[in-house]
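Summary of structural features
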Amino acid sequence: MTDFNQSLQDLRESYDQEPLRRSMLAEDPVVEFQKWMQQAIDAKVYDPNACSLATVDDSGRPSSRAVLLKGLDAGRFVFYSNYNSRKAGHLEANPNVSMHFPWFSMQRQVTVLGEVSKVEDTLAEEYFQSRPYLSRIGAWASSQSQPLDSRETLEKSFLQAQQKYGDTPPRPPHWGGYYLHPRSIEFWQGGPNRLHDRFLYQRIDEQWTITRLNP
Ligand SMILES: Cc1cc2nc3c(=O)[nH]c(=O)nc-3n(C[C@H](O)[C@H](O)[C@H](O)COP(=O)(O)O)c2cc1C
């Protein structure tokens, strides 16, 4: 075995969270999620609202990338992106996603599965206008996921957008958001001796069921 592989095999964390009991859980998983997110924020987890969003292309091949959760709205998870991006192409072909929150420093993860739909223009507009100025300009400068010949081209495009739109850049038509309508949400918490806790919420006929899973 190479030293590198040996060093990977030697990496081993012990988990030691207090057992998670069914009686501790909210009946609504979005309420439970909000509680866990608040605990991640309070624990100063780096980028607590960053999650890994997995999509599949029209051949069923998966890919994933980080996005930022920007809201919970009537039980839906809200994130923003570029409607011309690779992920947007995937979502046109297949709206099913997996959104994974990796709060490893808290020995926790949450996985949300479901379908997405685009947010209303009014919500996209409201959030776009709340973003810092340079982020709003950046939304014009970048053709997300398209090939780029050099960094200089991107910087030039940024300056051109600044000159064109001045202090009040409008929301680009290709910039918007998505609601993820959860079908299932799984909460995982590490426990001693690999006896981790897993609780799976599933939406069946508009009701949430809760099932404990083996770790
Ligand atoms: C911490 C972090 C947060 C990110 N947040 C977003 C986001 O909210 N929206 C977004 O479109 N891209 C975000 N990105 C960039 C994406 O991970 C990705 O590179 C980009 O969306 C293009 O993905 P695609 O080519 O699969 O469409 C983020 C990246 C990181 C590392």
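This one's a predicted model, so the numbers in the text were calculated from it and none came from an experiment. (Residues numbered from 1 in each chain as written. Predicted model: local features only at pLDDT ≥ 70, side-chain atom pairs only at ≥ 80, totals over all residues.)

As a further point, take the pairing of strand S5 (residues 108–118). Bridging between strand S4 (residues 96–103) and S5 involves 8 bridges; their strand directions are antiparallel. Along S5, the bridge assignment pairs His-100 with Thr-111. Between S4 and S5, which pair antiparallel and follow one another directly, the connecting turn spans 4 residues, one of which, Gln-107, has a positive phi of 60 degrees. Direction of pairing for S5 relative to strand S6 (residues 175–189): antiparallel, over a ladder of 11 bridges. By the bridge assignment for S6, Val-112 is matched with Ile-185. (Pairing = 2+ DSSP bridges. Helix = DSSP H or I, 4+ residues; strand = E, 2+ residues; numbered from the N terminus.)

Around the ligand lies a shell of 15 residues, among which Ser-81, Ser-85, Arg-86, Lys-87 and Ser-145 are the nearest. Elements with a minimum of two residues in the shell around the ligand: strand S2 (62–73), strand S3 (76–82) and helix H3 (86–93). Across the shell around the ligand, the residue classes break down as 6 nonpolar, 5 polar and 4 charged. (Near = placed C-beta within 6 Å. Nonpolar A, V, L, I, M, F, W, Y, C, P; charged D, E, K, R; others polar.)

Let us now look at the environment of Ala-66. With respect to the secondary-structure elements, Ala-66 resides in strand S2. Of the residues examined, Ala-66 has 11 C-beta atoms within 10 Å and is grouped as exposed. Considering only alpha carbons, one finds Ala-66 and Ala-93, 27 residues apart in sequence, at a separation of 20 Å. Contact partners of Ala-66, with chain neighbours within four places excluded, come to Ala-50, Cys-51 and Ser-52. (Buried ≥ 20, exposed ≤ 12 C-beta atoms within 10 Å, placed from the backbone. Contact = placed C-beta atoms within 7 Å.)

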